Amino acid sequence: MTKRIITFFLCFYITFTCIVTARIYGIEDTPEELLKAELNNTKKSGKKINIYIKLADLYERSREYKKSVDSYQSALNLKPKKKEQYKIFLSLGDIYLVEQQYASAIESYKKAAELYHKKEEIRLKLAEAFEESELYEQALEQYLKILKRNKKSFQGNYRLADLYLKMGLNTQSMDYFRKALTIKPLADVYRKISNCAENKRDIDLAIAMLKQITNDEKNYEDYMNLGRLHEIKNLDKEAEESYSKAIELDPKKVEAYIFLGILYLKDKKYTPAEKLLQIASEQNKDLGLSYFFISYIYYRQNNLKMALEKIKTAKEVSKSEVLLGFYKRFESFIRSQ
């Protein structure tokens, strides 16, 4: 007994001394090296599986995906338990999806689904892989399987609706977004319903959905879309208010200045329009559109010299061949006057 105690303390002393020495001289092992050393020192299958999974996770976090996949495969070769297999196939699918290896991702997710076919998590991931592969019918099948088991699944309803929207099936999309809304009335669901409504030319509903959001939160893009929808309905006062609120929320973005400036142009309010467009040109000196509209204002005011000067600037900063051609035609038109 005494000999065993002496041996234990001797081993402890040697190990402790090695660790302290390594840290003093900056030669401490990395987590990868420690795990590999642990792997070499164990013969137990279960422990090896656990170490391979830890290594795979380590590699995945450092985006060394090939090493991660190899580690997961090594763990699978040791025939882990069902729960561990499921997690491994799930992780492999995630890696393949990031790497855009869609066929491999689908294969891995299918293997996970075979193990736990009732789990919503794996059906959602499998559907995502099908969507990324543009295999929409197979993706739809997965979402419908989720909803067959749980009609109140928010993700099932929301993502099925989003897929229908992507496919241009606005009526089906609207139905499932409304179901999702009854489960979780999130702002993004209102936005999606607004999108569907606009696609179906129900502008009043599209506006109502966005207004519902702005009662609770203030978002630049929501106000921009509200302004645009109000313009479609010829509600210029409401459009002006929406664009103005967008400017208040983010005065550094140029879109609201331009849209509000164009709105004023429609009503022949040239002075406020010019001020807004001038701000837009100062915020982004490479945006040809703002110079074009300022040029148009000068043209309408019969100031052809300044109109030509501004359209020249629009041409110089233009990065679009289509717009450049349009600017050139407008310049020719001005010169013909």
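What counts and what doesn't
Residues numbered from 1 in each chain as written. Predicted model: local features only at pLDDT ≥ 70, side-chain atom pairs only at ≥ 80, totals over all residues. Heavy atoms only, no water. Helix = DSSP H or I, 4+ residues; strand = E, 2+ residues; numbered from the N terminus. Rg over C-alpha atoms; globule rule 2.2 N^0.38 Å. Buried < 20%, exposed > 50% of the residue type's maximum accessible area, 1.4 Å probe, protein only. Contact = heavy atoms within 4.5 Å. Lys, Arg positive; Asp, Glu negative; His and termini not counted. Charge placed at Lys NZ, Arg CZ, Asp CG, Glu CD. Phe/Tyr/Trp six-rings, centres within 6.5 Å; stacked < 30°, edge-to-face > 60°. Axes fitted to C-alpha atoms, helices over the stretch in contact; angles between N-to-C directions. Parallel < 35°, antiparallel > 145°, perpendicular 65-115°, else oblique. Left-handed = near helix turned anticlockwise from the far one by under 90°. Nonpolar A, V, L, I, M, F, W, Y, C, P; charged D, E, K, R; others polar. pLDDT = per-residue confidence, 0-100. Salt bridge = Lys/Arg side-chain N within 4 Å of Asp/Glu carboxyl O. Core = buried A, V, L, I, M, F, W, Y, C linked by side-chain atoms within 4.5 Å.

A. Region of interest: the overall build of the protein chain. Secondary structure summary: the protein chain contains 19 helices and zero strands in total. Here the protein chain has a C-alpha radius of gyration of 31 Å; the compact-globule value for 337 residues is 20 Å, and the former is much larger. Principal-axis analysis of the C-alpha atoms gives the protein chain an extent of 110 × 55 × 35 Å. The burial tally for the protein chain puts 40% of its 337 residues in the buried class. Expressed as a percentage of contacts within the protein chain between residues at least 6 apart in sequence, the contacts between residues at least 24 apart total 42%. Mean positive and mean negative side-chain charge positions of the protein chain (60 and 48 charges, respectively) differ by 5 Å.

B. Seen up close, the packing of aromatic side chains. As enumerated under the stated definition, the model contains 14 aromatic pairs in all. Ring geometry for Phe 154 versus Tyr 158: centroids 5.6 Å apart, planes at 20°, classification stacked. Residue Phe 154 and its partner Tyr 158 are located together in helix α9 (residues 154-166), separated by four residues, close to a single helical turn. Judged by relative accessible area, which is 10%, Phe 154 ranks as buried.

C. Examining the packing of helix α7 (residues 120-132) against helix α8 (residues 136-149) more closely. Contact geometry for α7 and α8: axes closest at 8 Å, N-to-C directions at 165°. When the axes of α7 and α8 are compared, the pair comes out roughly antiparallel. Pair α7 / α8 crosses with left-handed handedness. In this structure, α7 contributes Glu 120, Arg 123, Leu 124, Leu 126, Ala 127, Glu 128, Phe 130 and Glu 131 to the contact, and α8 contributes Tyr 136, Gln 138, Ala 139, Gln 142, Tyr 143, Lys 145 and Ile 146. Taken together, the residues of the contact of α7 with α8 break down into eight nonpolar, two polar and five charged.

D. Geometry of the confidence of the model for the protein chain. Considering every residue of the protein chain, the mean pLDDT works out to 90; 91% of them sit at 70 or more. Per-residue pLDDT stays below 50 along residues 5-28; that stretch engages in three contacts with residues further than four places along the chain or on separate chains.

E. Structural context of the environment of Lys 151. In this structure, Lys 151 sits in the loop between α8 and α9. Exposure remark for Lys 151: the relative accessible area of 72% places this residue in the exposed category. Each C-alpha atom of the pair Lys 151 and Ala 180 lies 9.9 Å from the other, and the pair is 29 residues apart in sequence. Discounting residues that sit within four places of it in the chain, Lys 151 has contacts with Asn 157 and Ile 183.

F. Seen up close, the pattern of salt bridges. One pass over the structure, following the stated rule, counts 17 salt bridges. Across the pair Asp 57 and Arg 61 runs a salt bridge whose closest N-O atoms are separated by 3.0 Å. Of this pair, Asp 57 and Arg 61 both sit in helix α3 (residues 45-61), separated by four residues, roughly a single helical turn. We classify Arg 61 as exposed; its relative accessible area is 59%. The closest approach of N and O atoms between Glu 107 and Lys 111, which form a salt bridge, is 3.5 Å. Of this pair, Glu 107 and Lys 111 both sit in helix α6 (residues 102-115), four residues apart, which is roughly one turn of that helix. Since its relative accessible area comes to 45%, Glu 107 is described here as partly exposed. Residue class for Lys 111 comes out partly exposed when judged on its relative accessible area of 35%.

G. Expanded view of the nonpolar core. By size, the foremost hydrophobic cluster in this structure holds 100 residues, and its most contacted members are Leu 92, Tyr 109, Tyr 143, Phe 177 and Val 189. Looking at this core element by element, the count peaks at eight residues for helix α5 (residues 82-98). Once residues lying within four places of it in the same chain are set aside, the contact partners of Tyr 143 are Leu 124, Ala 127, Glu 128, Glu 131, Gly 156, Arg 159, Leu 160 and Leu 163.

H. Structural view of the side chain of Ser 295. With respect to the helices, strands and loops of the structure, Ser 295 is situated in helix α17 (residues 288-300). Non-local contacts of Ser 295, meaning those with residues more than four positions away in its chain, are made with Ala 307, Lys 310, Ile 311, Phe 330 and Ile 334.

I. Structural view of the environment of Gln 142. Relative to the helices and strands, Gln 142 is located in helix α8. A relative accessible area of 5% means that Gln 142 is categorised as buried. Sequence separation between Gln 142 and Asn 225 is 83 residues; the distance between their C-alpha atoms is 33 Å. Once residues within four sequence positions are removed from consideration, Gln 142 is found in contact with Arg 123, Leu 126, Ala 127 and Phe 130.

J. Expanded view of the packing of helix α18 (residues 304-317) against helix α19 (residues 321-335). Packing of α18 against α19 brings their axes to within 10 Å, and their N-to-C directions diverge by 165°. Here α18 is positioned roughly antiparallel relative to α19, judged by the angle of their axes. Note on packing geometry: the crossing formed by α18 with α19 is left-handed. Only Leu 324, Tyr 327, Lys 328, Phe 330, Glu 331, Ile 334 and Arg 335 of α19 make contact with α18, whose side of the interface consists of Leu 304, Ala 307, Leu 308, Ile 311, Ala 314 and Lys 315.

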